[in-house]
Amino acid sequence: MALWDRFNATRYNVLVSLSENPRTQRAVSRIVLLVGILVWMVVQGYFVSTTVHEKALPPEPKDALTYIVKSRQLEECPRQDCLAIQDLRKQFYVASSTPEEAAERWQAGSKIFPVYHPFLSAIFIGLTKFGMGLVEAHNWVWTAAPVLFGLAFAYLLSALWGPAAAGIALILLSFTVFPDTGLHHVVPSNLAMAIGCIVWARIITKRGDAPWATVAGAFILVTMHPMGRLYTVIAVLTAAVVSDFRLRSRTWLALGLAFSMLWLPRLLRWLTDIQGLVVSTPLFVHGKSWLDLLQEELAGTAATILQVCVEVVRLQDSLFGHFALFFGAVAIGFIAAPPERRSIALRVTVLYFCFFLLALFVVSTHPADIVLRMWTPLVVILQGAVGYGVCEMWSRSAKSLAAGTGRRGGGIHFTAELAWPLVLLAVLSGYVCQRGVLGSEQIISMRQYVINRQPLKLCPSQPALLMSEAKPGDRVLYTSVIVMPYYFVHEAMKLGAVYYHPALESFLSGTGWLTRPDLRFAVTYNPTVYRPEFAGTREIDWWISMPDFRFSPLSTPKTAQPLSREGVLRSTDFSYLDIEPADPSSARKFRLHVKNSGGASTLEVNPLGRDGEPVPASAVKIVIKADWTDWIDLDFTSVPEAKRFRLVFPTGASRGYGIDAIVFGPETNLHWPWNERAAVIFMPRDCCAGPIRVSFDPVNLLPEPLRQRKVTVLDDCGSSVLLEIAR
């Protein structure tokens, strides 16, 4: 009995201490914050940091290579006077005759000319001083970004809601998938957002009197991304609002200096002569009537609101969970907060929400571009309110339990006044658990999406070979807004450049760019990157879209993938493929390079006759060993009637392997049957898809005006092909 009494006394003292003792509450708050940070680092590290190590190129290479090539520009030709940049300026900075032509010029030009993140480029260049390349530097920043995001959110949430609420909110945010680039893509705007959170937190902690942090933060924000200018304005207004406009003279001076940083890019451009530095964001297009501008504004605002609705429906489970519970939890957090904390949190939330609403009316080339970038901090602040509500209910529940059970135990005696905190705690705890479970599913799916999107492999040996073969003044034809920046990163800006797209063919032919005698090389995608669904669409629209976690009739998902993934044909994607040389009589021997990282499997090779039927008694069945990579040599010289060769793959994902080379004849440095000008016919496993035929005749990779010239494949490593064009 004495032992039971001691237990009850200890339980009672713990509950009272948790609800009333400030020292205990501070210690528990710090522990909860540390747990929240730890959960964030584990979950977001798995979600974001590990993806960069599972791809041949950085995640979302379309954007990543853009940031990297701007850094290379600052090193090699900050005035954008390299031959490639000069050539492209002559091709892009001209009048367009069709909307398609204008759109393609803008899309391709945006990857090369505007420099809007000099601070990030400086970080990349600084990391190269430690012996790494620019791509590796980008990957290091990507890997470390979740740490920056987590600490920035922890600081902001602690400043607004306290450490315990920050810990709970971080746990919720760990399992949250944000729309658009979210936090799963490490881009300059996200890094600027994290810096902005740190600056705002410092200002809130000091109740507006943080002059040095405001000025330094404004410099970093403005030079990190154009969104940083908006975050700077919010920082200046936050300092004024949280201080009730009662600041020292030097603080007002610092705020004025921070505000003047909005014009820093213009000053940097004047001082450094960096021609591509983005100095302003035009809000109006000259030459248009007010009626046209009004129509564009209304249409753009409607498209923005529509896109926001799509994203809310798609990601509701991890962003908010059930709306009634989310808004109820936010309300509890604000109501339960002490007056001073509630006042500061309300001011900051209302201020930010006003800018968020104004962003709905900003028309951009990507609907809701600004709104979705501003989404994350707003959700972070509101999740802090949820966290505060949970913590407050824990404290009040501990007090209710102490009062309801007494020091000696002996049963529970609750009144309605004592019970309601426990009920609310149960509801909020269930809400938190639901968010964690649903968010975990989205985190896992989104990680696979990031890995599978734009599954390309580009080899540095290709641009190195180009630079060794080219002479000063030679020009290179590019057909991809992803491959071209990759070559530029690897010194190809020293050579001339011609960018080809079907929408630009009329202009390029009419101005002689495609018939220049110094156009000696071309870089295109490998035919295995082709997919019939890509026909007639822009390259940026080829790739799969985010998973639809909840059905929305407004969403139009894209699911088609290239035939090859990072230069490898996966046996699980096809029932079979046929190899058809242009001259079958001289192509009876061929080799396959197989990469199998799984269990043992099989491959059946059937020679097919003129009628497309297998030649009797000629099939070969090959056993693919587990964890095995090597060449398979096949000789069908004894089957003269064979016109094509069919590779039949086994069923079952567990028996899958990859093929990254099919070549005829003797050993060669190439991976695909270019010399035989073979066609390869793929039969996808999708029952609704018909056979897909691609040609390995290098002439077919070039625009029509160049198909009369002799073309030689120099290298076909990965997803791109380097061609030499005879004069």
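All of these numbers come straight from a predicted model, not from anything done at the bench.

Q: Can you walk me through the packing of helix 2 (residues 22-47) against helix 8 (residues 163-174) in this structure?
A: What describes two packed helices is the angle between their axes and the distance between those same axes. The contact between helix 2 and helix 8 brings their axes to 7 Å, and the two run at 20°. With respect to each other, helix 2 and helix 8 are oriented roughly parallel. Both helix 2 and helix 8 take part in a crossing whose hand is left-handed. The residues of helix 8 that touch helix 2, namely those facing Ser29, Val32, Leu33, Val35, Gly36, Ile37, Val39, Trp40, Val43 and Gln44, are Pro163, Ala164, Ala166, Gly167, Ile168, Leu170, Ile171, Leu173 and Ser174. When grouped by side-chain class, the residues that make up the contact of helix 2 with helix 8 number 14 nonpolar, five polar and no charged.

Q: Please clarify how the sheet that holds strand 9 (residues 620-624) should be interpreted in this entry.
A: Strand pairing in a sheet relies on backbone hydrogen bonds. The paired strands run either parallel or antiparallel. As summarised here, the arrangement of the six strands in space is 9-8-11-6-13-14, forming an open sheet in which the pairing is antiparallel. Unpaired on one side and paired on the other, strand 9 and strand 14 (692-695) mark the two borders of the sheet. Between one strand and the next, the sheet's axes are offset by a mean angle of 20°, whatever the strand orientation.

Q: What is the right way to read the pairing of strand 1 (residues 475-478) from this model?
A: Successive side chains on a regular strand alternate, one facing one side of the sheet and the next facing the other. Here strand 1 shows no split at all, with Arg475 and Leu477 on one side and Val476 and Tyr478 on the other all buried. Relative to strand 2 (residues 496-499), strand 1 runs parallel, the two sharing four bridges. Across the sheet, the residue bridging to Val476 is Ala497, located in strand 2. Remark: the strand 1/helix 20 (residues 483-489)/strand 2 crossover connection has right-handed handedness. Relative to strand 3 (residues 519-525), strand 1 runs parallel, the two being bridged by four bridges. By the bridge assignment, Arg475 is partnered in strand 3 with Leu519.

Q: I would appreciate a short explanation of the packing of helix 7 (residues 134-161) against helix 16 (residues 339-359) in the present structure.
A: Contact pair helix 7 / helix 16: the axes reach a minimum separation of 8 Å and the direction vectors enclose 130°. Considering the angle they form, helix 7 stands oblique to helix 16. Facing helix 7, whose interface residues are Ser158, Ala159, Leu160 and Trp161, helix 16 presents Arg341, Ile344, Ala345 and Val348. Residue classes in the contact of helix 7 with helix 16 are distributed as six nonpolar, one polar and one charged.

Q: Is there a simple way to think about the pattern of salt bridges in this case?
A: When the charged atoms of two side chains lie near each other, side chains of opposite charge can form a pair. One pass over the full model with this rule turns up 29 salt bridges. Where Glu54 meets Arg447, a salt bridge forms, and the shortest distance between an N and an O atom there is 2.5 Å. Of the two residues, Glu54 sits in the loop between helix 2 and helix 3 (61-76) while Arg447 sits in helix 18 (residues 416-452), which places them 393 residues apart along the sequence. When its relative accessible area of 42% is taken as the criterion, Glu54 is described as partly exposed. On the accessibility criterion, Arg447 (7% relative accessible area) is buried. A salt bridge links Arg248 to Asp209; the shortest N-O distance between them is 2.8 Å. With Arg248 in the loop between helix 11 (227-242) and helix 12 (249-260) and Asp209 in the loop between helix 9 (188-205) and helix 10 (211-224), this residue pair connects regions lying 39 residues apart in the sequence. Given a relative accessible area of 41%, Arg248 falls into the partly exposed group. Classification of Asp209 as partly exposed rests on a relative accessible area of 25%. Three or more residues are tied together by salt bridges with common partners; here these are Asp578, Glu580, Arg644, Arg646 and Arg693.

Q: Looking at this structure, I do not really get the state of the cysteines. What am I missing?
A: Covalent bonding between the sulfur atoms of two cysteines defines a disulfide. Taken as a whole, this structure holds two disulfides when the rule is applied. Paired by a disulfide, Cys77 and Cys82 hold their sulfur atoms 2.1 Å apart. On the sign convention where negative means left-handed, the S-S torsion of about -120° between Cys77 and Cys82 marks this disulfide as left-handed. Take Cys82: its relative accessible area is 12%, and that puts it in the buried class. The residue that forms a disulfide with Cys459 is Cys717, at a sulfur-sulfur distance of 1.9 Å. As the torsion about the S-S bond is roughly -65°, the Cys459-Cys717 disulfide counts as left-handed. Residue Cys459 is located in the loop between helix 18 and helix 19 (461-469), and its partner Cys717 is located in the loop between strand 15 (711-715) and strand 16 (720-725); the two are separated by 258 residues in the primary sequence. Just as Cys459 is buried, Cys717 falls in that class too. What links to what in the protein chain: the bonded cysteines, counted in sequence order, pair as 1-2, 3-4.

So, how was this worked out
Residues numbered from 1 in each chain as written. Predicted model: local features only at pLDDT ≥ 70, side-chain atom pairs only at ≥ 80, totals over all residues. Heavy atoms only, no water. Axes fitted to C-alpha atoms, helices over the stretch in contact; angles between N-to-C directions. Helix = DSSP H or I, 4+ residues; strand = E, 2+ residues; numbered from the N terminus. Parallel < 35°, antiparallel > 145°, perpendicular 65-115°, else oblique. Left-handed = near helix turned anticlockwise from the far one by under 90°. Contact = heavy atoms within 4.5 Å. Nonpolar A, V, L, I, M, F, W, Y, C, P; charged D, E, K, R; others polar. Pairing = 2+ DSSP bridges. Buried < 20%, exposed > 50% of the residue type's maximum accessible area, 1.4 Å probe, protein only. Right-handed = clockwise from strand over helix to strand, strands pointing away. Salt bridge = Lys/Arg side-chain N within 4 Å of Asp/Glu carboxyl O. Disulfide = S-S within 2.5 Å.

It is worth stressing that arrangement in space is one thing and function is another; only the former is reported here.
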